[in-house]
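# An overview of the molecular structure
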Amino acid sequence: MKFRSLLCAVVVCLLLVPAMAVAGAKYKKEYKMSVVVGPKLPWGAGATKFADLVRERTDGRINIKVYTSSSLMAGKQTNEFLIHRQGVAEFCFASTINWSTTIKPLNVFNLPFFFPDYKALDAVTQGDVGKDLTEMLKAKGVTVLAWGENGFREITNSKRAIKTPADLEGLKVRVVGTPIFIDTMKALGANPVNMNWGDAQVAFQQGVVDGQENPVVAIEIPVKIWQFHQYATIWRYVIDPLMLTVNNKAMASFTAEDQSIIRQAAVEAADEQRWIVRKGLIAPDLSALETLRQNGMEVVELDEKARSAFRAKTTAVYQKWTDVIGADLVKKAEAAIAASR
Ligand code: X2X
């Protein structure tokens, strides 16, 4: 009997040790990373930075190719979570907006006029809400490695300066195909049209829509929005964080050492990207708004009183979507925001 169990142990060892040794050698030649925007925008550049760091630090064992402009989902940005979960893209640098059609609690970031500033946002992503969302996504097959940022979404248009809700009346505004955006724009009196980002840029050019909403530094300046729109209103109506993520099965296929390289690289790339897109948008440095003005735009900055007139029109949207998101999560976010004051 003794001899037999010894033999068994030897056989097990002989089978296991080589299997462990070759784990690293089983890596794919290429891993895919999905990004909705182009490579030159800070968001796309953040993804490239992450891929480069991982490649360098793993001596090329993990070779991530960044697929920009929604190319892995044929332009349909709201399908990104699905292809990520399936493992078509092992990595993503993704906007919460694009995933919020599938993962409803992510709509917490889309609640109109909810986040007053970056401090409030950081309190939410770095606190209990960030933790809860991370756990929810993990259960659905995806790990959040770090939070980056697209930014507060500010409206621009070709018709008139928006100072009060009445100025929005009847404006045709392009939004992402995420239902809460349609509800919010309708509540504000605008005429929302949903469109993928790739099509939207053509629509601006052709004047098919009057306006759009996107972050200033991350999107509006790089795409030179002044070519199409003369008016911008800084109203901080919605915040758009980015998540740098990995498919759980892909992550589990890497050695512990490589997993920690991936985690570290994600935090570095996302932190850097977040500060790049905030630059020029935090008083006293409002140079990003100056860039819009220097390019001929009229920029309206709403104070809290003016902002609350818009918020008042969206109360029903807030209530409806609190139920969809989950009242507990919204309560946690409210508490984190209050504590950040
Ligand atoms: O489509 C948009 O407006 C963009 C690029 O900001 C997002 O992907 C959410």
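Residues numbered from 1 in each chain as written. Predicted model: local features only at pLDDT ≥ 70, side-chain atom pairs only at ≥ 80, totals over all residues. Heavy atoms only, no water.

## Notes on the overall build of the chain
Across its full length, the chain carries 15 helices and 11 strands. Relative to a compact globule of 341 residues, whose C-alpha radius of gyration would be 20 Å, the chain shows 23 Å and is just as compact. Along the first, second and third principal axes, the C-alpha set of the chain runs to 90 × 40 × 35 Å. Of all 341 residues assigned to the chain, the portion counted as buried reaches 52%. Counting only contacts in the chain whose residues sit at least 6 apart along the sequence, the fraction spanning at least 24 positions is 75%. When the accessible surface of the chain is summed, it comes to about 15,000 Å², and 57% of that surface belongs to carbon and sulfur atoms. If the 42 positive side-chain charges of the chain are averaged to one point and the 35 negative ones to another, these points end up 6 Å apart. (Helix = DSSP H or I, 4+ residues; strand = E, 2+ residues; numbered from the N terminus. Rg over C-alpha atoms; globule rule 2.2 N^0.38 Å. Buried < 20%, exposed > 50% of the residue type's maximum accessible area, 1.4 Å probe, protein only. Contact = heavy atoms within 4.5 Å. Areas by Shrake-Rupley, 256 points an atom, 1.4 Å probe, with all protein chains shown as cover. Lys, Arg positive; Asp, Glu negative; His and termini not counted. Charge placed at Lys NZ, Arg CZ, Asp CG, Glu CD.)

## Some details on helix 7 (residues 179-187)
Listed in full, the buried residues belonging to helix 7 are I180, F181, I182, T184 and M185. Where helix 7 is buried, its residues meet helix 4 (96-99), strand 5 (154-157), strand 6 (172-175), strand 7 (191-194), strand 8 (211-214) and helix 14 (315-325). Phi turns positive, to about 95°, at G189, one or two residues after helix 7.

## Describing the side chain of R307
Positionally, R307 belongs in helix 13 (residues 304-313). A polar contact is formed between the side chain of R307 and the backbone oxygen of F115, at a distance of 3.2 Å. Not counting the four nearest positions on each side in its chain, R307 is found in contact with F113, F115, P116, W235, R236 and L302. (Polar contact = N/O pair within 3.5 Å; in protein donor to acceptor, adjacent residues only side chain to side chain.)

## So, the sheet that holds strand 10 (residues 239-247)
Spatially, the 5 strands line up as an open sheet ordered 2-1-3-10-4, and their pairing is mixed. Every interior strand has two partners, whereas the edge strands, strand 2 (64-67) and strand 4 (142-152), have only one. Across this sheet, the average inter-strand angle for adjacent strands is 20°, counted without regard to direction. As defined by bridge partners, strand 1 (residues 31-34) adjoins strand 2 across 4 bridges and the pair is classed as parallel. Its bridge partner being in strand 2, K32 is matched across the sheet by K65. Here helix 5 (residues 118-125) sits on the sheet in contact with strand 4 and strand 10, set at roughly 170° to strand 4. Contacting strand 4 and strand 10, helix 6 (residues 128-139) runs over the sheet at an angle of about 130° to strand 4. (Pairing = 2+ DSSP bridges. Axes fitted to C-alpha atoms, helices over the stretch in contact; angles between N-to-C directions.)

## Some details on the site of the ligand
Around the ligand there are 13 residues in total, and Q77, N98, R153, R174 and N214 lie nearest to it. Here an oxygen atom of the ligand sits 2.9 Å away from a polar atom, N or O, in the side chain of N98. Here R174 contributes a side-chain N or O atom positioned 2.7 Å from an oxygen atom of the ligand. For the ligand, the accessible surface in isolation is 270 Å², of which the surrounding protein chains cover 100%. Residues that form the shell around the ligand fall into these classes: 5 nonpolar, 5 polar and 3 charged. (Near = heavy atom within 4 Å. Nonpolar A, V, L, I, M, F, W, Y, C, P; charged D, E, K, R; others polar.)

## Overview of the packing of helix 2 (residues 42-57) against helix 11 (residues 256-278)
Angle between the axes and distance between the axes are the two parameters that describe a pair of packed helices. Here helix 2 crosses helix 11 at 155°, and the two axes come no closer than 9 Å. Accordingly, the angle class assigned to the pair helix 2 and helix 11 is roughly antiparallel. For helix 2 against helix 11, the interelement crossing comes out right-handed. Every residue of helix 11 that contacts helix 2 at P42, W43, G46, K49, F50, L53, V54 and R57 is listed here: I261, I262, Q264, A265, A266, E268, A269, E272, Q273, I276 and V277. Counted by class, the contact of helix 2 with helix 11 contains 12 nonpolar, 3 polar and 4 charged residues. (Parallel < 35°, antiparallel > 145°, perpendicular 65-115°, else oblique. Left-handed = near helix turned anticlockwise from the far one by under 90°.)

## So, the pairing of strand 3 (residues 91-95)
With respect to burial, strand 3 is a largely interior element, 5 of its 5 residues being buried. The side-chain alternation of strand 3 yields two buried faces, one formed by F91, F93 and S95 and the other by C92 and A94. Here 2 bridges tie strand 1 to strand 3, and the two strands are oriented parallel to one another. In the strand pairing of strand 3, S34 is matched with C92.

## As for the packing of aromatic side chains
In total, this model carries 18 aromatic pairs according to the counting rule given. Here the aromatic rings of Y31 and F254 are separated by 5.2 Å at their centres, their planes lie at 70°, and the arrangement is edge-to-face. Here Y31 is found in strand 1, whereas its partner F254 is found in the loop between helix 10 (248-252) and helix 11, with 223 residues between them in sequence. In this structure Y31 comes out as buried when scored by relative accessible area, which is 3%. (Phe/Tyr/Trp six-rings, centres within 6.5 Å; stacked < 30°, edge-to-face > 60°.)

## What about the environment of L137?
Relative to the helices and strands, L137 is located in helix 6. For the pair L137 and I64, spaced 73 residues apart in sequence, the C-alpha separation works out to 22 Å. Not counting residues up to four positions away in its chain, the partners in contact with L137 are F81, W99, I103, V142, V144 and M243.

## A word on the pattern of salt bridges
All told, the structure shown has 19 salt bridges when counted by the stated rule. One salt bridge in this structure joins R57 and E268, with 2.8 Å as the shortest N-O distance. Taken together, the residues R57 in helix 2 and E268 in helix 11 connect sequence positions 211 residues apart. What makes R57 partly exposed here is its relative accessible area of 34%. Its relative accessible area of 29% is what places E268 among the partly exposed residues. With a shortest N-O distance of 3.2 Å, R307 and E304 are connected by a salt bridge. (Salt bridge = Lys/Arg side-chain N within 4 Å of Asp/Glu carboxyl O.)

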